Amino acid sequence: AAKEGFGTSKLQFTAIPSIDAMVDAVTVPEGFTWKPVIRWGDPIFNDAPELDLNNQTVAAQERQFGYNNDYTDILEIPGSKGRRAVLFSNHEYTNDAIMFPPAMPAEQQRKVGAAAHGLSVVELERHNKNQPWTYVKGAELNRRYLNSTVYELTGPAAGSALVKTVEDKDGRFIKGTLGNCAGGTTPWGTILSGEENFQGYFVGNGTSPGDKRYGITSKPTARQWELDEDRWDTRKPGYGNEANRFGWIVEVDPFDPTSTPKKHSSLGRFKHEGANVIIAESGHVVAYSGDDERFDYLYKFVSKDKYIEGDRKHNMTLLSAGNLYVAKFTGNSPATEITGTGAVPADGAFDGIGQWLPLVVDGKSAVAGMTVEEVLVYTRLAADKVGPTKMDRCEDVQPSLHTGKVYVACTNNSDRGKVGKEGATEVNPRNQNRDGHIVEITETGDQTSTTFTWNLLMVCGDPKQGDVTYFSGFPVDQVSPISCPDNLAFDSVGNLWISTDGAPSGIGRADGLFKVTLEGAERGKVEQFLAVPRDAETCGPVIHDEERTVFVAVQHPGEDGTFEKQVSFFPDYVTEGTTPAPGQVRAPRPSVIQVFRTDA
Ligand code: FEO
Ligand code: CA
Ligand code: CA
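Note that the coordinates shown come from a computational prediction; the quantities given were computed from them, not determined experimentally.

### Remarks on the coordination of the calcium ion (ligand 3)
Only Cys-181 (SG), Glu-273 (OE), Glu-395 (OE), Asp-486 (OD) and Asp-486 (OD) from the protein reach the calcium ion (ligand 3) as donors, at distances of 2.2 to 3.0 Å. Taken together, the 6 donor atoms coordinating the calcium ion (ligand 3) and their angles of 48 to 159° define a geometry best described as irregular. Taken in sequence order, the residues that donate to the calcium ion (ligand 3) follow the motif C-x91-E-x121-E-x90-D. Highlighted residues: Cys-181 in strand S9 (residues 180-185) and Asp-486 in strand S25 (residues 485-490), separated in sequence by 305 residues.

Below, the structure written as structure tokens:
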């Protein structure tokens, strides 16, 4: 599956300067411009209205693009000669304080907010390859996945007593998906999306080992859906297992709007940031996935069956059965050399060896005292027993199809080294890790291997502000400052692209999208491509470098404002006192945007 060699990308640009975090604009390189592809509230079915902030209804939102788009991909529709594509975006959560007029009844706010969660699939079109895309209202493949959408649970936990509820006595069909964060597109053209912060939607007893380890408490939730539906309160009769039905990797087929989406129990249950698949030399498929929580773990899944080129139906079963592992990293330099400052160890590198510790092998539990169902439903508790490495919040984990190396974005960990908490280690080398780092893993054999070597690609920060940083030896005075790496992607020639979330509280600059050269003399060079508006994080990203186009999902713009005192007006930028054009509003709207050349 690995492609040979690196080339020169057609997407040439001059890095933008670092942008102040208060700037409410999309900043792109010289020679480029940007335009929304689709915004929160855009109607995707023919019977749906335009967004009307003061008249929001459940019926409208269920037929419009959802809120807070995170993982995004754009896949060309076969046979369309590049003129038609399908866009997938998930809708991680809502920012109710800036979405809803305060006069809107609380129950209506809750229900419209719920309808703005989930997933969207929307067709795009363009008249020729060099034009920007527009979305097609009412197209055949358009679909909203809502809290009422049914997902089929696959793998060993399906049918288990741990996932049965009064509404699903067989434990096989789950309504809704929550907290969808990063994701990945499979080699067979389906989309994977990670259910991350699902715990925030549940009230529980707050005392069971599961509730404690996953962060479910007995307090009312922020959105209070439990007032409208019993299942969000697991203390209610018949719903004790409802929270066990979230925290999975979801697989959807964007090319079949009638298909039943899946939740794959074989990949374990935790705060899945996302999952990314590579086909190993042996033909097994391997999915890497991070658990985004301070001091939580990195996982990988290896399929039982092998990929068959062209057999999509078969390939769509591959994530249903296989082995699950959790990562243990061992450094090769004395810990005293790297604690605290982040200075490079004596041997010149943050590096060492690692092991994939088995949790499930050949359909059986590899964890003493736990059944396979228990390992998959309470994966964090199972992993705790085998001694994996506590990481600094693994976000996106992405294998390179050029080299087979795997990249892990560790976004930050403000608690590392605090009293009672683990201190810096070679793989997480900074106490109170504010700016994050990227781990590079080389599997010993192919991706199914249970051992690996590793090194850090970079330790992030702003060298000009005096941060101790590391960019694989590339001169620190020649990189764009970068903080809080989150989502990862590759371009067609093997450069890594990193989008960030949290740079304003890290280096005090706006979040953005960065290209990183991985091979050759410029390995470690970081170049900023764009910056997002005030309070936003950069998601997606999708790099169509051969068409000199980049897409990002701009998530939670202006989230620190209020409905009456908005601080971002992205992307409509309707100025005060002017009448918005049809379809525009004077409020921030999470949107998928495209960045393309003005000379295209
Ligand atoms: Fe939703 Fe881990 O970011
Ligand atoms: Ca070392
Ligand atoms: Ca994320």
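### Remarks on the sheet that holds strand S27 (residues 512-516)
Here we have 4 strands laid out as an open sheet, ordered S25-S26-S27-S28, and antiparallel in their pairing. The open sheet has two edge strands, S25 and strand S28 (526-531), and neither has a second partner. Across the sheet, the axes of successive neighbouring strands diverge by a mean angle of 25°, strand direction being ignored. Relative to strand S26 (residues 496-500), S25 runs antiparallel, the two being bridged by 5 bridges. What sits directly across from Ala-489, in S26, is Trp-497.

### Some remarks on helix H3 (residues 106-115)
All of the buried residues in H3 are Gln-109, Arg-110, Val-112, Gly-113, Ala-114 and Ala-115. Considering only its buried residues, H3 is in contact with helix H1 (58-61) and strand S6 (143-145).

### Some thoughts on unusual backbone geometry
Here the bond from Phe-570 into Pro-571 is cis, since omega is 0°, no more than 30 degrees from zero. Relative to the helices and strands, Pro-571 resides in the loop between strand S30 (549-555) and strand S31 (591-597). Of note in the backbone geometry, Asn-68 takes a positive phi value of approximately 45° without being a glycine. Looking at the secondary structure, you find Asn-68 in the loop between H1 and strand S2 (69-76). In this model, Asp-362 sits at a positive phi of 50°, which is unusual for a non-glycine residue. With respect to the element layout, Asp-362 can be found in the loop between strand S18 (351-361) and strand S19 (364-365).

### Let's talk about the sheet that holds strand S7 (residues 150-154)
Taken in spatial order, the 6 strands of this open sheet run S8-S7-S12-S11-S10-S9, and their pairing is mixed. Taken across any chain shown, the strands that pair with only one partner, and hence form the sheet edges, are strand S8 (173-175) and S9. Strand after strand, the sheet turns through a mean of 30° between neighbouring axes, direction not considered. Pairing between strand S10 (residues 191-195) and strand S11 (residues 249-252): 4 bridges, direction antiparallel. Residue pairing for S11: Ile-191 is matched across the bridge by Val-252.

### Side note on the pattern of salt bridges
Throughout the structure, instances matching the rule amount to 43 salt bridges. Arg-84 is the salt-bridge partner of Glu-125, the closest N and O atoms lying 3.1 Å from each other. Remark: Arg-84 occurs in strand S3 (residues 84-91) and Glu-125 occurs in strand S4 (residues 118-125); sequence separation between them is 41 residues. Take Arg-84: its relative accessible area is 26%, and that puts it in the partly exposed class. Asp-228 serves as the salt-bridge partner of Arg-110, at 2.8 Å between the closest nitrogen and oxygen. Linking Arg-110 in helix H3 with Asp-228 in the loop between helix H4 (209-214) and S11, this pair joins segments that are 118 residues apart in sequence. Exposure remark for Arg-110: the relative accessible area of 14% places this residue in the buried category.

### As for the environment of Ala-114
Note that Ala-114 resides in helix H3. Each C-alpha atom of the pair Ala-114 and Asn-428 lies 37 Å from the other, and the pair is 314 residues apart in sequence.

### A short note on the coordination of the calcium ion (ligand 2)
Around the calcium ion (ligand 2), the donor atoms from the protein are Asn-332 (OD1), Ser-333 (OG), Asp-347 (OD), Asp-347 (OD), Ala-349 (O), Asp-351 (OD) and Glu-426 (OE), and they sit 2.2 to 2.8 Å away. Mapping the donors of the calcium ion (ligand 2) onto the primary sequence gives the spacing N-S-x13-D-x1-A-x1-D-x74-E. Of this pair, Ser-333 sits in the loop between strand S17 (322-331) and S18 while Glu-426 sits in the loop between strand S22 (406-410) and strand S23 (437-443), and the two are 93 residues apart along the sequence.

### Re the environment of Cys-181
With relative accessibility at 3%, the residue Cys-181 sits in the buried group. Sequence separation between Cys-181 and Pro-557 is 376 residues, and the spatial gap between their C-alpha atoms is 16 Å. With sequence-adjacent residues up to four places away left out, Cys-181 is seen in contact with Asp-70, Tyr-71, Asn-90, Glu-92, Gly-194, Glu-196 and Glu-273.

### Considering the pairing of strand S16 (residues 298-306)
For a regular strand, side chains alternate in direction, first toward one face of the sheet and then toward the other. Alignment of strand S14 (residues 284-290) against S16, held across 6 bridges, turns out to be antiparallel. Looking at S16, one finds that Val-286 is bridged to Val-302. Direction of pairing for S16 relative to S17: antiparallel, over a ladder of 5 bridges. When the bridges of S17 are listed, Val-302 appears paired with Asn-323.

### Digging into the nonpolar core
The nonpolar side chains of a soluble globular protein tend to be buried with one another. Of all hydrophobic cores here, the largest spans 47 residues; its most connected members are Leu-178, Phe-202, Val-285 and Leu-319. Element by element, the count of residues in this core is highest for helix H6 (residues 372-377), at 4 residues. Val-408, Val-439, Val-459 and Tyr-470 belong to the second largest nonpolar core, which has 25 residues in total.

### Brief notes about the confidence of the model for the protein chain
Fine structural detail should not be taken from predicted coordinates in areas where pLDDT scores are low. Considering every residue of the protein chain, the mean pLDDT works out to 96; 97% of them sit at 70 or more. Taking the mean pLDDT of every element in the protein chain, the minimum, 95, falls on helix H8 (residues 503-506) and the maximum, 99, on helix H7 (residues 379-384).

### Here's the deal with the side chain of Thr-94
One can find Thr-94 in the loop between S3 and helix H2 (96-99). Within the structure, Thr-94 has its side chain in polar contact with the side chain of Asp-96 (distance 2.6 Å). Among residues more than four places away in sequence, those in contact with Thr-94 are Tyr-67, Asn-68, Met-99, Gly-113, Ala-116, His-117 and Arg-223.

### Concerning the pairing of strand S21 (residues 394-399)
With 6 of 6 residues buried, S21 is to be regarded as a mostly interior element. Of the pairings in the sheet, the one linking S21 to S22 comprises 4 bridges and is antiparallel in character. The residue of S22 that forms the bridge with Gln-398 is Tyr-407. Hairpin connection, S21 to S22: the antiparallel pair is bridged by 6 residues, and Gly-404 has positive phi, about 80°.

Criteria and cut-off values
- As a convention, each chain's residues are numbered from 1 in the sequence order in which they are written.
- As a convention, the first chain written is A and the first ligand written is 1, with the rest following in written order.
- The predicted nature of this model means local features are confined to residues of pLDDT at least 70 and side-chain atom pairs, given and counted, to a pLDDT of 80 or more, with totals for whole chains, interfaces and linings taken over all residues.
- Side-chain numbers here rest on the full set of heavy atoms in the structure, without hydrogens or water.
- Metal-coordinating donors are taken as N, O and S atoms lying within 2.8 Å of the metal, or within 3.2 Å when the metal is Na, K or Ca; because water is left out, some sites can appear incomplete.
- Geometry is assigned from donor-metal-donor angles: four donors are tetrahedral when every angle falls between 85 and 135 degrees, four are square planar and six octahedral when opposite donors sit over 155 degrees apart with all other angles between 65 and 115, and any other arrangement is irregular.
- Going along the chain from the N terminus, every DSSP run of H or I of four or more residues is numbered as a helix, and every run of E of two or more is numbered as a strand.
- For two strands to count as paired, DSSP must find a minimum of two bridges between them.
- A fitted line through C-alpha atoms represents every axis, and for helices the fit uses only the stretch in contact; the resulting angles, taken between N-to-C directions, go from 0 to 180 degrees.
- Relative accessibility thresholds used throughout: buried, under 20% of the residue-type maximum; exposed, over 50%; partly exposed, between the two (1.4 Å probe, protein chains only).
- Contacts are assigned to residue pairs that have any heavy atoms within 4.5 Å of one another.
- A side-chain nitrogen of Lys or Arg and a carboxyl oxygen of Asp or Glu constitute a salt bridge if their distance falls within 4 Å.
- In this text, buried Ala, Val, Leu, Ile, Met, Phe, Trp, Tyr and Cys residues form a nonpolar core when linked through side-chain atoms within 4.5 Å.
- The quantity called pLDDT is the predictor's confidence in a given residue, expressed from 0 to 100.
- Counting of polar contacts relies on pairs of N or O atoms within 3.5 Å, with two restrictions inside protein: one atom must be capable of donating a hydrogen and the other of accepting it, and residues adjacent in sequence are counted only when both atoms are side-chain atoms.

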